[in-house]
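Here are the chains, one letter per residue:
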Number of protein chains: 2
Amino acid sequence: MYLSEMNREELTAFNNEAKSLYADFKSQGLCLNMSRGNPCKEQLELSVGMLAVFDDGNFMSENGIDVRNYGMLDGIPEAKTLFSDMIGVDDDEVIIFGNSSLNAMFWTVQVAYNKGILGEKPWSQCDKVKFLCPVPGYDRHFKVTEFFGIEMINIPMTATGPDMDMIEKLVSEDDSIKGIWCVPQYSNPDGISYSDNTVKRFADLKPKAKDFRIFWDNAYCIHHLVDEPEYILNILDEAKKAGNENIVYIFGSTSKITFPGAGVAVMGASHENVEELKKYLGISIISYDKMNQLRHVKFFGTYENMIEHMKKHKQIIAPKFRLVCDILENEIAPLGIGDWTDPKGGYFVSFNAPEGCAKRIVKLCAEAGVTLTGAGATFPYGVDPQDRNIRLAPTYPPIEDLKKAMELFVICVKLAASEKYLSEK
Amino acid sequence: MYLSEMNREELTAFNNEAKSLYADFKSQGLCLNMSRGNPCKEQLELSVGMLAVFDDGNFMSENGIDVRNYGMLDGIPEAKTLFSDMIGVDDDEVIIFGNSSLNAMFWTVQVAYNKGILGEKPWSQCDKVKFLCPVPGYDRHFKVTEFFGIEMINIPMTATGPDMDMIEKLVSEDDSIKGIWCVPQYSNPDGISYSDNTVKRFADLKPKAKDFRIFWDNAYCIHHLVDEPEYILNILDEAKKAGNENIVYIFGSTSKITFPGAGVAVMGASHENVEELKKYLGISIISYDKMNQLRHVKFFGTYENMIEHMKKHKQIIAPKFRLVCDILENEIAPLGIGDWTDPKGGYFVSFNAPEGCAKRIVKLCAEAGVTLTGAGATFPYGVDPQDRNIRLAPTYPPIEDLKKAMELFVICVKLAASEKYLSEK
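Asker: Quick question: what am I supposed to make of the overall build of chain A here?
Answerer: Along its length, chain A carries 13 helices and 13 strands. For chain A, the C-alpha radius of gyration of 23 Å lies close to 22 Å, the compact-globule estimate for 425 residues. Its C-alpha atoms give chain A principal-axis dimensions of roughly 75 × 55 × 35 Å. Of the contacts made within chain A by residues no fewer than 6 positions apart, 77% connect residues no fewer than 24 positions apart. Total accessible area on chain A is roughly 15300 Å²; 49% of this is exposed by carbon and sulfur atoms.

Asker: Just to check I follow, could you spell out helix H7 (residues 196–203) of chain A for this structure?
Answerer: Each α-helix turn comprises 3.6 residues. Residues three or four places apart therefore point the same way. Residue and element names in this part refer to chain A. Residues of H7 that are buried include every one of Thr198, Val199, Phe202 and Ala203, and no others. Buried residues of H7, seen end-on, are gathered within an arc of 135° and therefore sit on one face of the element. Its buried side turned inward, H7 meets strand E5 (161–162), helix H6 (164–173), strand E6 (177–182), strand E7 (213–217) and helix H8 (235–241).

Asker: Mind showing me how you'd approach the pattern of salt bridges here?
Answerer: Here the idea is simple: oppositely charged side chains can pair when their charged atoms come close. Within this structure, the stated rule accounts for 55 salt bridges over all chains. Across the pair Glu45 of chain A and Lys41 of chain A runs a salt bridge whose closest N-O atoms are separated by 3.3 Å. Placement of both Glu45 of chain A and Lys41 of chain A in helix H2 (residues 41–45) is noted, with a separation of four residues, approximately one turn of the helix. Judged by relative accessible area, which is 36%, Glu45 of chain A ranks as partly exposed. The partly exposed category is assigned to Lys41 of chain A, whose relative accessible area is 46%. For Lys344 of chain B, the salt bridge is made with Glu230 of chain B, and the minimal N-O distance between the two is 4.0 Å. In this pair, Lys344 of chain B sits in the loop between strand E10 (339–340) and strand E11 (349–352) while Glu230 of chain B sits in the loop between strand E7 (213–217) and helix H8 (235–241), placing the two residues 114 residues apart along the sequence. By relative accessible area, which is 25% here, Glu230 of chain B ends up partly exposed.

Asker: For this particular structure, what's the right way to read the sheet that holds strand E6 (residues 177–182) of chain B?
Answerer: The strands making up a sheet associate through hydrogen bonds between their backbones, and the pairing can be parallel or antiparallel. Residue and element names in this part refer to chain B. Spatially, the eight strands line up as an open sheet ordered E2-E9-E8-E7-E6-E3-E4-E5, and their pairing is mixed. One side of each edge strand has no neighbouring strand; the edge strands of this open sheet are strand E2 (94–96) and strand E5 (161–162). In this structure, E2 lies alongside strand E9 (residues 265–268), joined through three bridges in antiparallel fashion. Paired with Ile96 across the two strands is Val266, which belongs to E9. Against the sheet, helix H3 (residues 77–87) engages E2, strand E8 (248–253) and E9, with an angle of about 115° to E2. Relative to strand E4 (residues 151–158), helix H6 (residues 164–173) is tilted by about 150°, and along the sheet it contacts strand E3 (130–135), E4, E5 and E6.

Asker: Before we go on, may I ask you to explain the packing of aromatic side chains in this structure?
Answerer: The description of an aromatic ring pair uses the distance of the two centres, along with the angle that the planes make with each other. This structure, assessed with the given rule, holds 42 aromatic pairs over all chains. Centre to centre, the rings of Phe147 of chain A and Phe148 of chain A are 4.9 Å apart; their planes meet at 75°, and the pair counts as edge-to-face. Both residues of the pair, Phe147 of chain A and Phe148 of chain A, belong to the buried class. Ring centres 5.5 Å apart and planes at 50° place the aromatic pair Phe131 of chain B and Phe215 of chain B in the tilted group. Residue Phe131 of chain B is found in strand E3, and its partner Phe215 of chain B is found in strand E7; the two are separated by 84 residues along the sequence. Here Phe131 of chain B matches Phe215 of chain B in class, with each residue buried. In this structure an aromatic cluster arises from ring pairing among Trp123, Phe131, Trp181, Phe215, Tyr249 and Phe251 of chain A. Note that Lys256 of chain A overlies the ring of Tyr347 of chain A, its terminal NZ or CZ placed 5.1 Å from the centroid. It is Lys279 of chain A that lies over the ring of Tyr280 of chain A; its NZ or CZ is 5.1 Å from the centre.

Asker: Please explain the side chain of Arg68 of chain B as it appears in this structure.
Answerer: For Arg68 of chain B, the position within the fold is in the loop between helix H2 (41–45) and H3. At a separation of 2.8 Å, a polar atom in the side chain of Arg68 of chain B contacts the side chain of Asp66 of chain B. Discounting chain neighbours no more than four positions away, the residues touching Arg68 of chain B are Lys41, Leu44, Glu45, Val48, Phe259, Pro260 and Gly261 of chain A together with Phe59 and Met291 of chain B.

Asker: Is there a simple way to think about the relation of the copies chain B and chain A in this case?
Answerer: Mapping between the two chain copies consists of a rotation about an axis together with a translation along that axis. Each copy of the sequence occupies a distinct position, and chain B is placed on chain A by a rotation of 180° and an axial shift of 0.0 Å, giving an RMSD of 0.0 Å. The symmetry that links the two subunits is that of a two-fold axis. Taken together, the interface assignments show that 100% of the residues at the interface of chain B recur at the interface of chain A, consistent with an identical surface on both copies.

Asker: Would you mind showing me how to read the pairing of E4 of chain B here?
Answerer: Put simply, side chains in a regular strand alternate between the two faces of the sheet. Residue and element names in this part refer to chain B. Pairing analysis gives six bridges linking E3 to E4, with the strands arranged parallel. Bridge pairing in E4 places Val135 opposite Pro156. Handedness of the crossover is the feature at issue here: the chain leaves E3, passes through helix H5 (residues 139–147), returns alongside E4, and the resulting connection is right-handed. Across two bridges, E4 lies against E5 in antiparallel orientation. In the sheet register, Met157 faces E5, and the bridge partner there is Pro162. Turn length for the E4-E5 hairpin, with the two strands adjacent in sequence and antiparallel, is two residues.

Asker: Just to check I follow, could you spell out a negative patch on the surface for this structure?
Answerer: The grouping of Glu62, Asp85, Asp90, Asp91, Asp92, Asp237 and Glu304 of chain A at the surface amounts to a negative patch. The residue Asp90 of chain A is located in the loop between helix H3 (77–87) and strand E2 (94–96) in this model.

Asker: I tried to follow the interface of chain B and chain A on my own but got confused; where do I start?
Answerer: Interfaces are often described in size by the accessible area the parts lose on coming together. Counting residues at the interface gives 51 residues for chain B, matched by 51 residues for chain A. Summing the contributions of chain B and of chain A, the shared interface buries around 4300 Å²; its carbon and sulfur component is 57%. Of all residues in chain B, the largest losses of buried area upon contact with chain A belong to Arg68, Tyr70 and Phe147 of chain B, amounting jointly to 18% of the total for that side. At the junction of chain B and chain A, the tally comes to two salt bridges. Put simply, Glu45 of chain A and Arg68 of chain B hold a salt bridge, and the shortest N to O gap is 3.2 Å. Viewed at the interface, chain A and chain B are joined by 16 residue pairs in polar contact (both at pLDDT 80 or more). Sorting the residues of the side of chain B that touches chain A by element identifies H2, helix H4 (101–114), H5, helix H9 (271–284) and helix H10 (290–300) of chain B as the ones contributing at least two each. Residue composition of the side of chain B that touches chain A, by class: 25 nonpolar, 14 polar and 12 charged.

Asker: Would you take a moment to explain the environment of Asp56 of chain A for this structure?
Answerer: Residue and element names in this part refer to chain A. Secondary-structure assignment places Asp56 in the loop between H2 and H3. A relative accessible area of 52% places Asp56 in the exposed class. Distance from Asp56 to Leu30, taken between C-alpha atoms, is 47 Å for residues 26 residues apart in sequence. Side-chain polar atoms of Asp56 contact the side chain of Lys298, separated by 3.0 Å.

Asker: What is the right way to read H3 of chain A from this model?
Answerer: Residue and element names in this part refer to chain A. Taking burial as the measure, the 11 residues of H3 include eight buried ones, the bulk of the element. For H3, every residue scored as buried is listed here: Glu78, Ala79, Lys80, Leu82, Phe83, Ser84, Met86 and Ile87. Tucked inside the fold, the buried residues of H3 contact E2, strand E8 (248–253), strand E9 (265–268), helix H10 (290–300) and helix H11 (303–331). Looking at the residues trailing H3, positive phi occurs at Gly88, about 75°.

So, how was this worked out
- Residues numbered from 1 in each chain as written.
- Chains lettered and ligands numbered in written order.
- Predicted model: local features only at pLDDT ≥ 70, side-chain atom pairs only at ≥ 80, totals over all residues.
- Heavy atoms only, no water.
- Helix = DSSP H or I, 4+ residues; strand = E, 2+ residues; numbered from the N terminus.
- Rg over C-alpha atoms; globule rule 2.2 N^0.38 Å.
- Contact = heavy atoms within 4.5 Å.
- Areas by Shrake-Rupley, 256 points an atom, 1.4 Å probe, with all protein chains shown as cover.
- Buried < 20%, exposed > 50% of the residue type's maximum accessible area, 1.4 Å probe, protein only.
- Arc of directions from axis to C-beta.
- Salt bridge = Lys/Arg side-chain N within 4 Å of Asp/Glu carboxyl O.
- Pairing = 2+ DSSP bridges.
- Axes fitted to C-alpha atoms, helices over the stretch in contact; angles between N-to-C directions.
- Phe/Tyr/Trp six-rings, centres within 6.5 Å; stacked < 30°, edge-to-face > 60°.
- Lys NZ or Arg CZ within 6 Å of the ring centre and 35° of its normal.
- Polar contact = N/O pair within 3.5 Å; in protein donor to acceptor, adjacent residues only side chain to side chain.
- Least-squares fit on C-alpha atoms with pLDDT ≥ 70 in both.
- Right-handed = clockwise from strand over helix to strand, strands pointing away.
- Patch = residues over 30% accessible without salt bridge, like charges linked within 9 Å, V, L, I, M, F, W, Y side chains within 5 Å.
- Lys, Arg positive; Asp, Glu negative; His and termini not counted.
- Charge placed at Lys NZ, Arg CZ, Asp CG, Glu CD.
- Buried area = accessible area lost by both parts, 1.4 Å probe.
- Nonpolar A, V, L, I, M, F, W, Y, C, P; charged D, E, K, R; others polar.

Right, here's the structure in full:
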């Protein structure tokens, strides 16, 4: 029976039972963390072989550069080959960064802000700068634009990607809109992959601002959870067809392929974009860690091997996603107090509680020892207007801990939802 | 005989001989690079053992964090212990960065520029921002301030450090002066170590701008070339004594201790400075490469072992510095056409040619196949007002190549100097 259909008496009984179950959990003194999309230990072990690749004593890049020394600002050639395949650009359309694509994104926004893009006025000199933010989205994207005082505008997500009608209208009318944050495949947190039509419409955008850029964070490009995964169109190819090749900056990393703390980040864009950015990059660094670049290349050899490697990740984490969705299906669906995604890839399950309940649920979980991503974090300025969205990150805990955490989670959802309905009776 | 004392006939003969020797060199088709302070292959080999430290399969930091995963924004505790010793601050006054101290410095200037320091107005919102630049200095420092449109003011170097009278006067009068670039030990390129009095005067500075910061790039803190090295006073200790502890940002790295492309960079400052910077750091990155931090800690164990390790570097490169200085002493000193430093540490020999000759010498060398650091590079905007200074980087070439390059160099100095004197007769 849906909670919305219960009378006051039924709701009170339901609420009392949830309270009692919650008290039981609280007494267990749990201490579990589901707040971030961290790989688990078994996943980290998959790449330990990478640490032995220099046992041969060969530190030479294919162009004869010793990777231990300075030089090769934009990356060694073999890393460009491997990672340009990953993000779908040519070898000369790529820059290899350090261990963090977030850092590459921050740096890129910083360049636009302080120096401008391809001859346009630096954003810092504009009266107003705005970014479009598909919501729910990735909190760390929003923090970057917030740092620079950029105004963020929420764009609703649909099953095929962000609301393109709204985006097309806004960017064509307002030249203070300079960019949009996108996670196009297995979006964070919804797990939505943009449809072909959505990608084409992005590639075809005709923004009023010449220096409008799509920040295309393809963080989960090969991070599939199912045997028949989703693929998205290549945005740079589509943009080229539309004569619009400068419109997109593509980002990716191996943070969730090898090591989150010690992976390789990469950026792809048109030749013109990349050449301008490289000019500025040399001011902020001499070279990134090329030993780690070569480590990755020696370990994987080919892009195909990277894809094979990701199947091992899938084996470890797919059952965790299954567990989360099954528990929600069994415990929440019959009550009509939430909806969620069952993603085919990526790192999150996005849960929508009844309006006004997300903060309460996260607080209840925390007080019983389970840390979730803060409610509101998936929205700019940390404000979820409906207080509904909670990002669940199933990968890190061992499956028995995850089960425990999810049992608590559904109790907290039931408790918060019944409180809400009771208060409205 | 000094060139300045030769008559026209003698000068012509001298010039003709230099021309002839130069033509000989040119015909040899050399291809040598002395432009940057790159360690040589033998130096890189010293740290290869570092790559085996994870053979034990133990990836745990002493606080129980798996260094392969996300987390520990400001570094693992054992890295803080090791590297805070290196730059002379407490464990809680340190941030561990990625592989590049230049990147840490760029980021720090960027924070001051875009967000301001401890509540002061962001530099981007000031009518004018100026930096003091001891000259000759490090070209990459100057490029960072140039990127942000910061006006740079040359400060002459003396044998005990930058001209402190000038600095004290300027910073006390002009609140648009927000910082100064310093390489306090074995300065780049002069190899000068700041005297105790200089360090104390820096620590005692009373700048008009509350957000004035000394960017103390202690890049060569343990990079000695002699058995009885120079030491400088601890700037943060001195600043604390003067009630001035927020005035300095200290930087260092292992780029020239382990691997230039894959070392660890570090920053030290007062607790208040560090806490503010950490707040912003978490916006631009989740964590730096903690595997590389632990790799360094496991390899060295203690700061004392790092110092021992540097003695092996000294054995390899000190003879190269000796060679450079001996050739200059034998070939240039008797002619009075240049002066230079004989540094006790660091990575450079700073050569001052007769006025107006530096560009010509670098060009002559380049045309005969030896690349030097561009003349002017050691000054802001690439402009050496007297066109005198040339930075020689002896570490990278094998000693026989270095000898060849220096033989050419002195011929080019003789050629350029005799051209100059002839033109003035």
